[in-house]
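# Secondary and tertiary structure notes
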Amino acid sequence: MNAECAPKIGAPETPLSAEALQAVLRALDDEYRAQAFYRAVLSKFPYALPFAPIAESEARHAAVLTSLLDAYGAKTPPNPHLDSPEILRSAPDTLAEACEAAIEDEIRNERLYTEDLLPRVAAYPVIAQIFEALMRASRECHLPAFRCFAEAYRMNRPLTQASE
């Protein structure tokens, strides 16, 4: 993902509290982990839908969070999960199982935002709006896609992207 794809966020008016910084870093780590898991699935099942486009979406989400950190002058950590042995081992043996694991992760993602992260950034409306948009993408786009494909894979209907 290119840094130029991320939105430019203007200089903030108030400094970022330690609690809000930890919330942004936790959100970033969650996006990093999801991207790494989806890429691990793709290493086992190249071109499997909906993993490729959603992995790209997770990279865009991470870029938005990176822009937030940049705006506040905070250091952005690299993705420690990409190609990690733990993540690579976690890729299930079937696409149906991979979709089911992704469904659980997307549901957990929404809970993470609503129960933990959003309350920590209540004093930062721009960050809260970004968190809500990321949560909405997870709930309204990623989750339905994984549910649809999980059903298709359980029914043994092969659904893959054509290779280029």
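Here's a quick rundown of the structure.

Thresholds applied
- Residues numbered from 1 in each chain as written.
- Predicted model: local features only at pLDDT ≥ 70, side-chain atom pairs only at ≥ 80, totals over all residues.
- Heavy atoms only, no water.
- Helix = DSSP H or I, 4+ residues; strand = E, 2+ residues; numbered from the N terminus.
- Buried < 20%, exposed > 50% of the residue type's maximum accessible area, 1.4 Å probe, protein only.
- Contact = heavy atoms within 4.5 Å.
- Areas by Shrake-Rupley, 256 points an atom, 1.4 Å probe, with all protein chains shown as cover.
- 1 Å grid on protein atoms, 1.4 Å probe; cavity = no way out; pocket = protein on both sides within 12 Å on 5 of 7 lines; lining within 4 Å.
- Points joined across faces, edges and corners; volume = space filled by probe spheres on them.
- Nonpolar A, V, L, I, M, F, W, Y, C, P; charged D, E, K, R; others polar.
- Expected span 1.5 Å × (residues − 1).
- Disulfide = S-S within 2.5 Å.
- Lys, Arg positive; Asp, Glu negative; His and termini not counted.
- Salt bridge = Lys/Arg side-chain N within 4 Å of Asp/Glu carboxyl O.
- Bend = angle between axes of the 7 residues up to and from the residue.
- Core = buried A, V, L, I, M, F, W, Y, C linked by side-chain atoms within 4.5 Å.

### Observations regarding the overall build of the chain
- Regarding its fold elements, the chain presents five helices and zero strands.
- Among the 164 residues that make up the chain, the fraction classed as buried is 45%.
- Expressed as a percentage of contacts within the chain between residues at least 6 apart in sequence, the contacts between residues at least 24 apart total 83%.
- A total of about 8,800 Å² of accessible surface is found on the chain, and carbon and sulfur atoms cover 54% of it.

### Digging into empty space enclosed by the protein
- All told, the structure shown has one cavity of 30 Å³ or more when counted by the stated rule.
- When its volume is computed, the largest cavity comes out at roughly 50 Å³.
- Split by residue class, the lining of the largest cavity holds two nonpolar, one polar and six charged.

### Overview of the side chain of Asn109
- Among the structural elements, Asn109 can be located in helix α4 (residues 95-120).
- Not counting the four nearest positions on each side in its chain, Asn109 is found in contact with Asp30, Glu31, Met135 and Ser138.

### Digging into unusual backbone geometry
- For the bond from Leu49 to Pro50, the omega torsion is 0°, close enough to zero to count as cis.
- In the Ramachandran plot, Tyr47 falls in the positive-phi region, its phi being about 70° despite a non-glycine side chain.
- Assignment of secondary structure puts Tyr47 in the loop between α1 (18-44) and α2 (51-71).
- Since its relative accessible area comes to 43%, Tyr47 is described here as partly exposed.

### Considerations on helix α5 (residues 125-154)
- The terminal C-alpha atoms of α5 lie 42 Å apart, and with 30 residues this matches the ideal 44 Å at 1.5 Å per residue to within 8%.
- Asn156 sits one or two positions beyond α5 and adopts a positive phi of about 65°.

### Here's the deal with the state of the cysteines
- Scanning the entire structure with this criterion turns up zero disulfides.
- Sulfur of Cys148: no disulfide; nearest cysteine sulfur belongs to Cys99 and is 9.0 Å away.
- By relative accessible area, which is 46% here, Cys148 ends up partly exposed.

### Examining the side chain of Glu58
- Turning to its location among the elements, Glu58 is positioned in helix α2.
- Although Glu58 lies buried, it forms no salt bridge, and the closest oppositely charged side chain, Arg108, sits 8.6 Å away as judged by the N-O distance.
- Once you skip the residues sitting within four places of it in the chain, Glu58 turns out to touch Glu31, Ala34, Gln35, Tyr38, Glu106 and His142.

### A look at α4
- With 26 residues, α4 should cover 38 Å at 1.5 Å per step; its first-to-last C-alpha distance of 36 Å lies within 8% of that length.
- Remark: the principal bend of α4, roughly 40°, maps to Tyr113.
- Among the residues of α4, those classed as buried are Leu95, Ala96, Ala98, Cys99, Ala102, Ile103, Glu106, Asn109, Leu112, Tyr113, Leu117 and Leu118.
- Buried residues along α4 sit in contact with α1, α2 and α5.

### Remarks on the environment of Leu112
- Note that Leu112 resides in helix α4.
- Along the primary structure Leu112 and Ala27 are separated by 85 residues, whereas in three dimensions their C-alpha atoms are 8.4 Å apart.

### Some details on the nonpolar core
- Ranked by internal contacts, the top residues of the largest apolar core, which has 27 residues, are Tyr38, Val41, Phe51, Leu95, Cys99, Phe146 and Tyr153.
- Elements that contribute at least two residues to this core include exactly α1, α2, α4 and α5.
- Examining the composition of this core, we find that seven residues originate from one element, α1, more than from any other.
- One finds Ala74, Leu117, Ala128 and Phe131 within the second-largest nonpolar core, a separate group that totals 24 residues.

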